[in-house]
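Now for the letters of each chain:
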Amino acid sequence: MSKKKKLVVQNVEVTFILNGKKVTKQIRPSLLLIDFIRDELSLAGTKPGCLEGECGACSVLIDGAAVNSCMYLAINIHGKNLTTIEGLSDVNGLDPVQDSMIKHGAVQCGFCSSGMTMSIKSMQIKYKKDKKKPSKEEIKKGLEGNLCRCTGYVKIIEAAEAVINKVK
Amino acid sequence: MSKKLNVIGTPIPKIDAGIRITGKAVYGQDVKLPGMLHGAILRAEYPCAEFTIDVSAARKLPGVIAVITADDIDCNNISYKKDHPILKKGEVNCIRDEIAAVAAESKEIAERAIKLIKVKYKEKKGIYDPFDALKPNAPLVNKYLKDSKFAKNISDIFFYEHGNLEEQKKKSAVIISKRFVLPRVTHCCMATSNITADYSSVTKRLTLYSSTQVPFLYQRDMAHALKMNASDIRVIQVVIGGGFGSKLDMYPFEPIAAILSIKTGKPVQIIFDREEEFIASPTRQNMVIDLIAGADKNGKFTFRDVTIVKDNGAFTSWGATTPFVMMQTFSSLYQMPACRFESKAVYTNNISAGSFRGYGNPQAAFAIESCIDLMADKLGMDKAEIRLLNANYAGEITGQGMHYDTCGHIEALKTVIEKSDLRNTNKETLRNTNKYESTNKEKETVNTDSYIRKNPYFVDNVDRYKRGVGIASMMHVGGGAKIYRSDGCGTTLKLDDYGHLTLITGSSEIGQGSETVLAMMASEELTIPMNKIKVINTDTDVKPWDVGVHASRTSFVAGNSVLGAVKKLKEKLNQKAAVLLKCTIENLIYENEEIKNSDGSNSVRIEKVVREMHFGGQNELCTVNHFYEPTSDFQDKQFKGNVSGTYAFAAQSAEVEVDTYTGNIKVLNIHVAQDVGKVLNPLNIMGQIEGGVLTGVGYGISEELIMENGRVLNPNFHNYKMLTASDVPDIHFYPIETNDSLGPYGAKGMAEAPLIPTAAAIANAVADAIGVRIYSLPITPEKVLKAIKEKTD
């Protein structure tokens, strides 16, 4: 019997910006970003809907772009800017995207809402940078990666259109 | 109701949206209790097999606290027919069957322990087609069903009839006889099934953090399963991430978590992964409907003769009672002189069916409305005209004994007929949705239609896209449904010393907006602003009894309960206010949080009245209780009677474009005209309409949980096609306000209705577009192409 070598996995240090604040953590290399966010950072607003990159409920912003946190290794967050739903609103109030979601009646059960909000925020940032106003079709396309069973998407599309194109 | 309304009818955003949009809402996935263990369930590897099990290796794994099999528990069977063992012993009958469960210190350890359980299977030949299960030589699927008066493999039979079928057949100028096949679809709640059970060995009480839609029935079911006293079980509803009927039953994972907590003395949490959710949460009943329907030479309907075989799966849920609702539609949607209805729920080794928004009526609407179009074609009648001729009307008492005191069916039909392109004036035009901004500097809009027409390469495209329009109606209970011993709801109101109201309701919020609408009613009556009203609705130890969220009943039943409670609260306030205002108790006016005497010359703030009651000599709190029970009847043994407080009606039209090259269907417009009684909150109601319609579109063209020999082939969102934002048609809603005398402010239940006729209307639109009809849902591209090919061959 050969002696089995015990495999020791070294934790990796990551430093990143979490919701506006610099954070340093030691993490397992195999850790998924969603588990890191929910279990280790205790930010439960990021929702586990499918854990296979299909539903978008766990979307977060990495350097301003929406990413499915269930398909992303946590160690890759090193040096990046991570925003979760908790980071959108602050003591001064809601982010305009959240406000638009509420006012347009886009929140029903709410389980998809964090991810939806992040996808809309990501579009808002992108189109602002490109100085473009997206069409309704482009907005729908941008929301394709987020599933919702309650709303039929109409109010979510309206909320997105209103906040991105600042109409109404 | 002539008084001016200030709150009701205004578009108030949901009062619970804020916590949900900021990540603060605690769903089942977010519950964390001190010392909590993680549970996992081992399910069958074969849909029909005998097995032996060895859990010794799993028990030895460090971090595993408990492993249980059927041998370790002493529980009653669960389910609507008590035919479902919590853990299966010696044999499995479907692929979702629970055979062992583990509680461990982490999710990872629990999953590893599950893999260490050794199971030896001896596979048996299963039955996957309900018609096979009805054959005399078929093996018995469910041996747990006790005292059944039905033949082998039948879980339940519903039989209903009214009128003289033979006489009506003789009167018929046209008789259509067709078979309709309905698929197995599932709820796709965005939050997967979850439970956290916390048993205290000191108090001997069990607390369940649950997503149930029916907390009080659940409490009772759990008590029966675990042989406990129901009052020792406290159900705390977490924020529920989607219901749609999926949480109307208690399923084995819930008592399993409770047993693990009882055995370990620690909280135990079980969360399904998405694949488990597709396999082990319920589905809409897949069924085969044989419908024979007739009309006389003028197009008046004569009879419906309905035979249904439903795939029950291996165990029975509340969903087995969907025929109770379907028969109402067959017997009473459109005027119907005679109807015979028979349905069998048949056991198979497939996964179990449950209840789903619409409760059998999307299936019924598909069969009925397809037949109506066929009859119109045969009679050479207009499809709108034949429906209007037979539409339900106010004052009608149906053959089944349902009283349509108010009825917006005719108006709903007229509205969608007018709004949609039913006469097909645009049928030959190409897709007008395909306009796009050109990239050149002038930014001119290029119409692809003209481009395609001019370009010889696309010349055949003129015939490629076919448009069609279809309509369908629905009728559904709109004032609760008297199925259980009580269909009521309790309310407690507590007005505090600062004039803020706590509204404790038995009803549950599952995202549909009941919290908001109930608070709006209280705000309307008491003139207390919305931000001073708190709704408490999640704890069976606190809230009064309610039968649960189902049958589109909450606004109607819980709403009436709130209004009854408010009336009592006002009686209390008025007595004190009259003393303070030195006036008579009659004709006091509520305005801006004040109570005024009849001519408005003197007033007192509500909070002051409360304080005077509390701290004045009277020393009384301003608290009241009220229980509202709808005036509806229990149906008799023949299923006759006025089962609901009121009934909701709707018509929808669908405009589709079919790509005859690919078979793809694009749903362009859905027009919805619905008798909602009264719009309580226009923002909320649109949300219910749009969500219902899109689920209906999915039922019509894209969704199916595909099973082969008892196994689910597409248990994930990649292969189970839920629609996305890009698939949304333009949804146009025309509310019809019939002001029902029994409804709160005239409102009727409305939330299931929007998904009921959608698939039926789409099916009719597709038939209109391609000239050939498809008799099974979903209408996939493959079916369209096959149908076109068969037509041209």
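What counts and how
- Residues numbered from 1 in each chain as written.
- Chains lettered and ligands numbered in written order.
- Predicted model: local features only at pLDDT ≥ 70, side-chain atom pairs only at ≥ 80, totals over all residues.
- Heavy atoms only, no water.
- Helix = DSSP H or I, 4+ residues; strand = E, 2+ residues; numbered from the N terminus.
- Buried < 20%, exposed > 50% of the residue type's maximum accessible area, 1.4 Å probe, protein only.
- Areas by Shrake-Rupley, 256 points an atom, 1.4 Å probe, with all protein chains shown as cover.
- Lys, Arg positive; Asp, Glu negative; His and termini not counted.
- Charge placed at Lys NZ, Arg CZ, Asp CG, Glu CD.
- Rg over C-alpha atoms; globule rule 2.2 N^0.38 Å.
- Contact = heavy atoms within 4.5 Å.
- Pairing = 2+ DSSP bridges.
- Axes fitted to C-alpha atoms, helices over the stretch in contact; angles between N-to-C directions.
- Buried area = accessible area lost by both parts, 1.4 Å probe.
- Salt bridge = Lys/Arg side-chain N within 4 Å of Asp/Glu carboxyl O.
- Polar contact = N/O pair within 3.5 Å; in protein donor to acceptor, adjacent residues only side chain to side chain.
- Nonpolar A, V, L, I, M, F, W, Y, C, P; charged D, E, K, R; others polar.
- Patch = residues over 30% accessible without salt bridge, like charges linked within 9 Å, V, L, I, M, F, W, Y side chains within 5 Å.
- Expected span 1.5 Å × (residues − 1).
- Parallel < 35°, antiparallel > 145°, perpendicular 65-115°, else oblique.
- Left-handed = near helix turned anticlockwise from the far one by under 90°.
- Domains from an automatic or database assignment.

The subject of this paragraph is the overall build of chain A. When helices and strands are counted, chain A shows six helices and five strands. Along the chain direction, N to C, the helices and strands of chain A fall in the order β-β-α-β-β-β-α-α-α-α-α. Principal-axis analysis of the C-alpha atoms gives chain A an extent of 70 × 30 × 30 Å. Burial statistics for chain A: of 168 residues in total, 53% are counted as buried. In the form shown here, chain A has an accessible surface area of approximately 8200 Å², with 52% of it arising from carbon and sulfur atoms. Averaging the locations of the 26 positively and 17 negatively charged side chains of chain A gives two centres separated by 3 Å.

The next point concerns the overall build of chain B. The helix and strand tally for chain B stands at 19 helices and 32 strands. Here chain B has a C-alpha radius of gyration of 28 Å; the compact-globule value for 793 residues is 28 Å, and the two agree. Here chain B holds 793 residues, and 65% of them are scored as buried. In chain B, the share of contacts with a sequence separation of at least 24, taken over all contacts with a separation of at least 6, comes to 79%. If you sum the accessible surface of chain B, you get close to 29400 Å²; carbon and sulfur atoms cover 50% of it. Seen as two clouds, the 95 positive and the 93 negative side-chain charges of chain B have centres 2 Å apart.

Moving on: the sheet that holds strand S13 (residues 287-295) of chain B. All names here are of chain B. Sheet architecture is open: five strands sit in the order S7-S15-S14-S13-S8, paired in mixed fashion. Of all the strands in the sheet, just strand S7 (154-162) and strand S8 (174-182) have a single pairing partner and so form its edges. The average angle at which neighbouring strand axes cross in this sheet is 5°, direction not considered. Pairing of S7 with strand S15 (residues 338-347), which is carried by eight bridges, proceeds in the antiparallel orientation. Residue pairing for S15: Ile157 is matched across the bridge by Lys344.

Taken together, the contact between chain A and chain B spans 43 residues of the former and 49 residues of the latter. Across the chain A to chain B interface the summed buried area is about 3700 Å²; carbon plus sulfur atoms make up 59%. Across the pair Arg38 of chain A and Asp30 of chain B runs a salt bridge whose closest N-O atoms are separated by 2.9 Å. Where chain A packs against chain B, one counts 22 residue pairs in polar contact (both at pLDDT 80 or more). Secondary-structure elements contributing two or more residues to the side of chain A that touches chain B are helix H1 (33-40), helix H2 (85-88), helix H3 (96-103), helix H4 (113-129), helix H5 (136-143) and helix H6 (154-164) of chain A. Ranked by residues supplied to the side of chain A that touches chain B, first place goes to H3 of chain A with four residues. Tallied by class, residues from the side of chain A that touches chain B come to 19 nonpolar, twelve polar and twelve charged.

What follows deals with the sheet that holds strand S4 (residues 91-92) of chain B. Residue and element names in this part refer to chain B. Reading across from one edge, S4-S2-S6 is the order of the three strands in this open sheet, with antiparallel pairing throughout. Each having just a single partner strand, S4 and strand S6 (118-123) make up the two edges of the open sheet. Bridge count for strand S2 (residues 49-54) against S6 is six bridges, and the pairing is antiparallel. Within S6, the residue paired with Thr52 across the bridge is Lys120.

With that settled, the discussion passes to H3 of chain A. Of all the positions in H3 of chain A, only Val97, Gln98, Ser100, Met101 and Ile102 of chain A are classed as buried. The inward-facing, buried residues of H3 of chain A contact H2, H4 and H6 of chain A together with helix H1 (17-21) of chain B. Looking at where H3 of chain A begins, the residue whose side-chain oxygen comes 2.8 Å from the main-chain nitrogen of Val97 of chain A is Asp95 of chain A. Of the residues trailing H3 of chain A, Gly105 of chain A is marked for its positive phi of about 70°.

Moving on to a negative patch on the surface. On the surface, Asp39, Glu40 and Glu52 of chain A together with Glu108, Glu111, Asp273 and Glu275 of chain B cluster together into a patch of negative charge. Listing elements by their share of the negative patch, those giving two or more residues are H1 of chain A together with helix H3 (107-116) of chain B. Tracing the sequence through the fold places Glu275 of chain B in helix H8 (residues 274-280). Residue class for Glu275 of chain B comes out partly exposed when judged on its relative accessible area of 46%.

All names here are of chain A. Its 17 residues give H4 an end-to-end C-alpha distance of 24 Å, which sits within 8% of 24 Å, the value for a rise of 1.5 Å per residue. The element H4 is extensively covered by neighbouring structure, given that 13 of its 17 residues are classed as buried. Looking one or two residues beyond H4, the residue adopting positive phi is Lys131, at roughly 50°.

Turning to the packing of H3 of chain A against H4 of chain A, a few remarks are in order. Residues and elements named next belong to chain A. For the pair H3 and H4, interaxial distance at closest approach is 9 Å and the crossing angle is 125°. Classed by the angle they form, the pair H3 and H4 counts as oblique. As for how H3 packs across H4, the hand of that crossing is right-handed. Within the contact between the two elements, H3 uses Val97, Gln98 and Met101 and H4 uses Ser113, Met116, Thr117, Ile120, Lys121 and Gln124.

This part is about the side chain of Lys576 of chain B. Note on placement: Lys576 of chain B falls in helix H15 (residues 554-581). Excluding its chain neighbours within four sequence positions, the residues that come into contact with Lys576 of chain B are Val609, Glu612, Met613 and Gln618 of chain B.

Once that is clear, we can look at the packing of helix H14 (residues 514-526) of chain B against H15 of chain B. Residue and element names in this part refer to chain B. As a packed pair, H14 and H15 sit with axes 10 Å apart at the nearest point and diverge in direction by 30°. Overall, the two elements H14 and H15 adopt an arrangement that is roughly parallel. In this structure, the crossing between H14 and H15 has a hand that is right-handed. Residues Ser514, Val517, Leu518, Met521, Ala522, Glu525 and Leu526 of H14 form the contact with H15, whose own contacting residues are Thr554, Ser555, Ala558, Gly559, Val562, Leu563, Val566, Leu569, Lys570 and Leu573.

All names here are of chain B. Splitting chain B by domain gives domain 1 (17-23 + 488-628), domain 2 (31-124 + 190-242 + 247-280), domain 3 (130-142 + 149-186 + 283-377) and domain 4 (402-480 + 639-792). Inter-centroid distance (C-alpha atoms) of domain 2 to domain 3 is 34 Å. Contact residues are listed per partner, giving 20 residues for domain 2 and 22 residues for domain 3. When domain 2 packs against domain 3, the two sides together hide about 1600 Å² of surface, and 58% of this comes from carbon and sulfur.

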